[in-house]
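Structural features, examined
Residue-level listing of the chains:
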Amino acid sequence: MIKIEGVSKTYGNGAPALNNLNLDIDDGEFVFVVGASGSGKSTFIKLLLKELNPTEGTITVDDVKLSKLRSRSVAKYRRKIGVVFQDFRLLQDRDVYSNIAFAQRVIGVAPREIKKNVSKVLALVGLSEKYRSNPNELSGGEQQRVALARAIVNKPQILLADEPTGNLDPENSWEIMKLLDKVNRQGTTVIVVTHNMEIVEKMNKRVITMKKGVKVSDSKVVE
Ligand code: ADP
Ligand code: ADP
């Protein structure tokens, strides 16, 4: 479970990018975080990944306070979290298989296991036949499906998607959302930051709305 208590983040001497955020996300939830540009969404993601530390407040994940993590434990903590970005961030000089296998190699999975796991996630995203393609031979939608396969191959507890459909047309956007829903139904907590309100409305999930660093609504909380 993710517990965010009184979290504020101020860069330099500007206005707070996040201002006294309080939020609980249970295991297995699917949550959208929406808000205009500059509302604090990226800051929220960076805090969860411990790429940034809060100026005030506490973030607790599975009863571990992120502020207490020593630097060598941060890498291990991040293994709990798979991340998908707007711009895919695939390695261009490696094929699809290798892009996904790489994520497993860095955590020391045995080669035989890697083969099995990569095949499994490629089948899940419907790209089994593209495993020898290079990212530049794939459409945007296919590249995002590869990025999603890479994000889940290590079986993260949490999947963070930062504007995952920002570079995709409506059909491919919907395809990615259906896959995120599938991953969620298999037990992964999914957090999606997006501007795509059409999709948010269609998905009918919990929606947290941010405005200038403040949480202005949370569909889970009855007000
Ligand atoms: P969003 O992702 O919703 O666009 P951000 O979290 O990127 O919002 O930004 C929230 C606020 O913090 C904005 O006013 C932005 O300009 C500011 N901000 C973000 N990152 C930095 C930074 N590294 N240095 C200074 N200000 C920043
Ligand atoms: P995205 O929302 O696509 O992640 P952003 O525009 O929020 O991208 O931020 C891109 C990078 O610039 C981030 O590393 C962010 O921290 C930094 N950044 C954003 N706003 C500012 C700002 N006002 N001053 C300095 N750095 C910023």
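For the protein chain, the name recorded in an unreviewed UniProt entry is Cell division ATP-binding protein FtsE, with Eubacterium segne as its organism. What the UniProt record of the protein chain gives under Subcellular location (unreviewed entry) is the line "Cell membrane". According to the UniProt record, the Subunit (unreviewed entry) comment for the protein chain is "Homodimer. Forms a membrane-associated complex with FtsX."

Structural notes on the overall build of the protein chain
Along the protein chain, the regular secondary structure elements total seven helices and ten strands. Taking 2.2 N^0.38 as the reference for a compact globule, 223 residues should give roughly 17 Å; the C-alpha atoms of the protein chain span a radius of gyration of 18 Å, in line with that estimate. Seen through its principal axes, the protein chain has C-alpha atoms that stretch 45 × 40 × 30 Å. Scored against the burial criterion, the 223 residues of the protein chain give a buried share of 49%. Seen as two clouds, the 35 positive and the 26 negative side-chain charges of the protein chain have centres 7 Å apart.

Section: the packing of helix 3 (residues 96-105) against helix 4 (residues 111-124)
In contact at an axis separation of 10 Å, helix 3 and helix 4 are set at 125° when each is read in the N-to-C sense. As judged from the angle between their axes, helix 3 and helix 4 are oblique. Taken as a pair, helix 3 and helix 4 cross one another with a handedness that is right-handed. Residues Val-96, Tyr-97, Ile-100, Ala-101, Gln-104 and Arg-105 of helix 3 form the contact with helix 4, whose participating residues are Glu-113, Ile-114, Lys-115, Asn-117, Val-118, Val-121 and Leu-122.

Digging into the sheet that holds strand 9 (residues 206-211)
Whether parallel or antiparallel, the strands of a sheet pair through hydrogen bonds between backbone atoms. Taken together, six strands build an open sheet; the order of strands is 6-7-8-3-9-10 and the sheet is mixed. Each edge of the open sheet carries a strand with a single partner, namely strand 6 (81-84) and strand 10 (214-218). The sheet shows a mean angle of 20° between the axes of neighbouring strands, taken without regard to direction. Relative to strand 8 (residues 189-193), strand 3 (residues 30-34) is paired through four bridges, and the arrangement is parallel. Counted as the bridge partner of Val-31 is Ile-191 from strand 8. Most of the contacts of helix 5 (residues 140-152) go to strand 6, to which it runs at about 170°, and overall it touches strand 6 and strand 7 (158-162). Along the sheet, helix 6 (residues 170-185) makes contact with strand 3, strand 7 and strand 8, crossing strand 8 at roughly 150°.

So, how was this worked out
Residues numbered from 1 in each chain as written. Chains lettered and ligands numbered in written order. Predicted model: local features only at pLDDT ≥ 70, side-chain atom pairs only at ≥ 80, totals over all residues. Heavy atoms only, no water. UniProt positions renumbered as here; feature names shortened; annotations may be inferred. Helix = DSSP H or I, 4+ residues; strand = E, 2+ residues; numbered from the N terminus. Rg over C-alpha atoms; globule rule 2.2 N^0.38 Å. Buried < 20%, exposed > 50% of the residue type's maximum accessible area, 1.4 Å probe, protein only. Lys, Arg positive; Asp, Glu negative; His and termini not counted. Charge placed at Lys NZ, Arg CZ, Asp CG, Glu CD. Axes fitted to C-alpha atoms, helices over the stretch in contact; angles between N-to-C directions. Parallel < 35°, antiparallel > 145°, perpendicular 65-115°, else oblique. Left-handed = near helix turned anticlockwise from the far one by under 90°. Contact = heavy atoms within 4.5 Å. Pairing = 2+ DSSP bridges.

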